Amino acid sequence: MTNPMEIPFFAAGAVAVIATLLAITRTIAVHALLYLIVSLLAVAVVFYTMGAPVVAALEVIIYAGAIVVLFVFVVMMMNLGAQDSETERKWLAWRAWIGPAVLSALLLFEVIYLVVRAPVSATIGSISTPKEIGLALYGPYLLGVELASMLLLGALVGACHVGRISRSGREVQQ
Amino acid sequence: MISHPIASIIGILIVALSLSAFLIWVERRLLALWQDRYGPNRVGPFGLLQVLADMIKIFTKEDWIPPFADKPVFVIAPAIIMVTVLMSFAVLPVAPGIIVSDLNIGLLFFLGMSSLGVYSIVLAGWASGNKYSLLGGLRAAAQMISYEVFMGLSLMGVVLLAGTFNLTRIVEAQRGLWYVVPQFLGFVLFLIAGVAEARRLPFDLPEAEAELVAGFHSEYSGMKFGMFFVGEYLGITLISSMIAVLFLGGWNGPWLPPLAWFLIKVFAFLCFFILLRASLPRLRFDQLMSLGWKVMFPLALANLLVTGAIVLAKK
Amino acid sequence: MLSVIRTIWNVFLHSFRRRVTIQYPDEKPYLTPRTRGRIILSRDPDGGERCVACHLCSAVCPVDCIALQATEDENGRRYPEFFRINFSRCIFCGLCEDACPTYAIQLTPDFEMSEHNRQNLVYEKQDLLISGPGKYTGYNFWRVSGVQIEGKDKGEAENEAPPTDVYRLTP
C-alpha cells in the first residue's frame, strides 16, 4: 500500500465490491444492472492497473458493452413494475441471504489470510500486449479456445433454429 | 509540435463541442440546399447565430422530469452519452502531438466507449416510463449490439495491416497508401456501421419521429434534451474523425498542414452523413436486422479472412 | 445497392439547382389580380355604392362571416345600413364574389392582415368600401337594371324598351 501507483488498483477494487453489493440489494432490476455495469467497469480498471490493458478493453466491450445490454434488453421487455420490486424486497429477508453470506465470508477470510501471509504486488511489472495474448490463446490455450468456439457454434445453431421463420412467414411452431 | 496534455484536453473539448454545435447549423443549411431551400439564414450572418439562439432557448426551458419517470436513471442517461463520446475523443490523434492520451489500445478503447454509449439510449428509453420511449430503447439496444459486432470486425483488417491498436501508429502506417484502397470493403462496412452507431438516418430507428414520436427522448426537455442533441452530433463528429484516422490517413496529405488535412477529411465525411440523411429513407426494423446479420456480418468476416490470408502470405 | 448510390448522387446534384424558396418579406411573390385575399366593397363608376343589400353573399358564406342590414335611401336606392365582415372567420373561398349580382363585393390579392387583437379583424363598411370600381371598371348596376330610382324612370335603363301602356288595345 506504500506504492502510490497501487491506489487506483485498490480504489477500483473497492468500487467493484461496493457496486456488486449494491447490485445484489437493489429491488429495481434496472438499478441493479446499472450497479453491475459499474462493477464491471471497476474490474476493467483493476485489469488495467495490473498491466492487462487488452483484457480491460475486452471487459468493457464484451461484458459491459454487450452482455449487460442484453440483460437490460430482457429486463425492459419483461415490463417489471412496483409489484415485482415488492417481491424482490421480500426475497431479500435476512433468512435468505445469511447462509450464502456466511459461506462467502469464510472464503473472504481465507483470501485475506493468503494475501496477508504472502504479500503480492498489485501492479505486475510487464504489460501484456495484444500480440502476447494472441500467442498465448493460439499456443498453450488452443484447446480451450477451440472448445469455447464449438460451444458458441452450438449456441448459434440453436438460436438460428429457434428464430427460424417458415416459408409462410410465421414463426415455426415448436 | 508536442503540446501539453492539458492544453490538448481543453483544446479538443472546446473544438469538439463548438464544432458539434456548429454542425447543427451546417446540417440544417445543407439539408436545405439539397432540398432546394435556404434553411436558417435570418439570425446573424448566414444564420450562423441560429445555434446561439437555440442554445439560449434550450438553456432557459423548464427542465421537467415526468412524474412517471425513474428519476435517477432519467437524469443519468443523457450524461452517459456525453461522457462516453467525449472519452472517445481522448484517443483521437488529431495531428502529430495533438492527442490527449496516446493509448496502446486506442482502437479498443474507442470500441469500448461506443459500446457503452448504448446505455444512454436504452436507459433513457426505459426511465421515461413511456411505451414509445421503451420501444425506442429496445430498438436501440438490438441495433447497436448488432452493428457493433461488425463495426469491430471491419476494423480488424486495418489492425492486421498496421499491426497495432495504437491510433497514432495506424495513422503513421498510412503515410504511403491510405487504407481506404486495400481495405475498401472494410471502409464501406465501417461507414455503414458508423452511421448505425451514431443513430443517423437511414438507421435512426430508435428515435423515428414518424412512428415513435422521437423514441427514447420524447420525454426529455431543456438541457437534458440538449445533451442528447449535442451528443448525437458529437457522435457523428467522432465517427467521421475515426474514418479519417483509420482509412484516410488521418493528418497525412501533401502541401497543407496536418491539422488542416484532418479537418478537411472530417468535414467531408460530416457532409456525407448529412447527404445520407437528405437522400435515404428510414429502414424497417427487420430490414435493418437482416442487413446487419445476413449481409454486413458475413462480409466483415470474409474481409477479415482475406486480409489475414494476404498479410500471412506476404510474410 | 446501385439504386441507393444513384439516389445519393441525384440528391447531391440538387446542390446546383435553383432554390424555390421566395424570401417573403424581402421579396414579394407576384399575385394575380384574381387571387382571393382581403374582401372589399366597390363603387359605381359615378361614385355610388354598388351593394344593393340583397343578402346573397351572407347567405352563401359557408362560415357565416358576413353580416349586413338593408335599408333604402330617399331616391329609392337600396344600400346596406351596416356591412360587417369578420376576417378572423373568413376562409377566402370567394363564394360571396360569385354570388354578388352587382359586382359589389370583390376579393383582392392582399393577404397581409395580421393583428394582435382579434377584434381588429372585424371590418365595418367604412373599412371595406373603396373609392373605385375594382375589377369591373365600366359596370354600373343601376344603369343596367330596370329598377326605378330617382333620376331614372322605368324604361330608361340601357338596353331597355319603354314600358308598355297596358290601357292601349291597339296591336
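Before going into details, it helps to say that this report is about the structure given with it. (Residues numbered from 1 in each chain as written. Chains lettered and ligands numbered in written order. Predicted model: local features only at pLDDT ≥ 70, side-chain atom pairs only at ≥ 80, totals over all residues. Heavy atoms only, no water.)

Some details on helix 9 (residues 222–247) of chain B
Residues and elements named next belong to chain B.
Right, so step 1: If you check helix 9, its first and last C-alpha atoms are 38 Å apart, about what 26 residues at 1.5 Å a residue would give, namely 38 Å.
Right, so step 2: Within helix 9, 22 of the 26 residues are buried, leaving the element largely enclosed by the surrounding structure.
Right, so step 3: The positive-phi residue at the C-terminal boundary of helix 9 is Gly249, with phi of around 75 degrees. (Helix = DSSP H or I, 4+ residues; strand = E, 2+ residues; numbered from the N terminus. Expected span 1.5 Å × (residues − 1). Buried < 20%, exposed > 50% of the residue type's maximum accessible area, 1.4 Å probe, protein only.)

Focus: the packing of helix 1 (residues 7–25) of chain A against helix 2 (residues 29–49) of chain A
Residues and elements named next belong to chain A.
Right, so step 1: Relative to each other, helix 1 and helix 2 sit at 160 degrees, their axes nearing to 8 Å. The angle between helix 1 and helix 2 falls in the class roughly antiparallel. Our pair here, helix 1 against helix 2, has a crossing hand that is left-handed. For the pair helix 1 and helix 2, the contacting residues are Pro8, Phe9, Ala12, Gly13, Val15, Ala16, Ala19, Thr20, Leu22 and Ala23 in the first and Ala32, Tyr35, Leu36, Val38, Ser39, Ala42, Val43, Val45, Val46 and Thr49 in the second.
Right, so step 2: Here the contact of helix 1 with helix 2 is built from residues that sort into 16 nonpolar, 4 polar and no charged. (Axes fitted to C-alpha atoms, helices over the stretch in contact; angles between N-to-C directions. Parallel < 35°, antiparallel > 145°, perpendicular 65-115°, else oblique. Left-handed = near helix turned anticlockwise from the far one by under 90°. Contact = heavy atoms within 4.5 Å. Nonpolar A, V, L, I, M, F, W, Y, C, P; charged D, E, K, R; others polar.)

A short note on the interface of chain C and chain B
Right, so step 1: Counting from both sides, the interface comprises 14 residues of chain C and, opposite them, 14 residues of chain B.
Right, so step 2: Between chain C and chain B, roughly 1,400 Å² of surface is buried when both sides are summed, and carbon and sulfur atoms account for 59% of that area.
Right, so step 3: Our enumeration of links across chain C and chain B arrives at 1 salt bridge.
Right, so step 4: Its salt-bridge partner being Arg42 of chain B, residue Asp26 of chain C comes within 3.1 Å of it at the nearest N-O pair.
Right, so step 5: Residues that form the side of chain C that touches chain B fall into these classes: 5 nonpolar, 5 polar and 4 charged. (Buried area = accessible area lost by both parts, 1.4 Å probe. Salt bridge = Lys/Arg side-chain N within 4 Å of Asp/Glu carboxyl O.)

Concerning unusual backbone geometry
All names here are of chain C.
Right, so step 1: A positive phi is found at Ala53, a non-glycine position, where the angle reads about 55 degrees.
Right, so step 2: As for its placement among the helices and strands, Ala53 is situated in the loop between strand 1 (39–41) and helix 2 (56–60).
Right, so step 3: A relative accessible area of 0% means that Ala53 is categorised as buried.
Right, so step 4: Even without glycine at this site, Tyr103 takes up a positive phi of about 55 degrees.
Right, so step 5: Positionally, Tyr103 belongs in the loop between helix 3 (95–99) and strand 4 (105–107).
Right, so step 6: On the basis of relative accessible area, Tyr103 is assigned to the partly exposed category, the value being 33%.

What about the nonpolar core?
Right, so step 1: Grouped together as the largest cluster of nonpolar side chains are 127 residues, with contacts concentrated most on Leu107, Phe110, Tyr119, Phe190, Leu246 and Phe247 of chain B.
Right, so step 2: In terms of residues, this core owes the most to one element, helix 5 (residues 131–162) of chain B, which gives 16 residues.
Right, so step 3: Not counting residues within four places of it along the chain, the set of residues in contact with Phe247 of chain B comprises Ser154, Leu155, Val158, Gln174, Trp178, Tyr179, Val180, Gln183, Gly186, Phe187, Phe190 and Met242 of chain B.
Right, so step 4: One finds Ile39, Cys57, Phe83 and Ile105 of chain C within the second-largest nonpolar core, a separate group that totals 23 residues. (Core = buried A, V, L, I, M, F, W, Y, C linked by side-chain atoms within 4.5 Å.)

Focus on the sheet that holds strand 2 (residues 66–72) of chain C
Residues and elements named next belong to chain C.
Right, so step 1: Strand order in this open sheet of 3 strands is 2-3-5, and the pairing throughout is antiparallel. Since the sheet does not close on itself, it has two edges, and those belong to strand 2 and strand 5 (122–123), each with one partner.
Right, so step 2: Examined bridge by bridge, strand 3 (residues 78–86) and strand 5 share 2 bridges and lie antiparallel to one another. Opposite Ile85, over in strand 5, you have Tyr123 as the bridge partner. (Pairing = 2+ DSSP bridges.)

Re the interface of chain A and chain B
Right, so step 1: Residue-level contacts link 23 residues of chain A with 23 residues of chain B.
Right, so step 2: Where chain A abuts chain B, roughly 2,000 Å² becomes buried across the two surfaces, and 85% of that area is made up of carbon and sulfur atoms.
Right, so step 3: Per-residue buried area on chain A facing chain B is highest for Ile61, Val69 and Met76 of chain A; these three make up 29% of the total on that side.
Right, so step 4: One can count 0 salt bridges joining chain A with chain B.
Right, so step 5: At the boundary of chain A with chain B, the tally comes to 3 residue pairs in polar contact (both at pLDDT 80 or more).
Right, so step 6: Sorting the residues of the side of chain A that touches chain B by element identifies helix 2 and helix 3 (53–78) of chain A as the ones contributing at least two each.
Right, so step 7: The dominant element in the side of chain A that touches chain B, judged by the number of residues it contributes, is helix 3 of chain A, at 15 residues.
Right, so step 8: When its residues are assigned to classes, the side of chain A that touches chain B shows 21 nonpolar, 2 polar and no charged. (Polar contact = N/O pair within 3.5 Å; in protein donor to acceptor, adjacent residues only side chain to side chain.)

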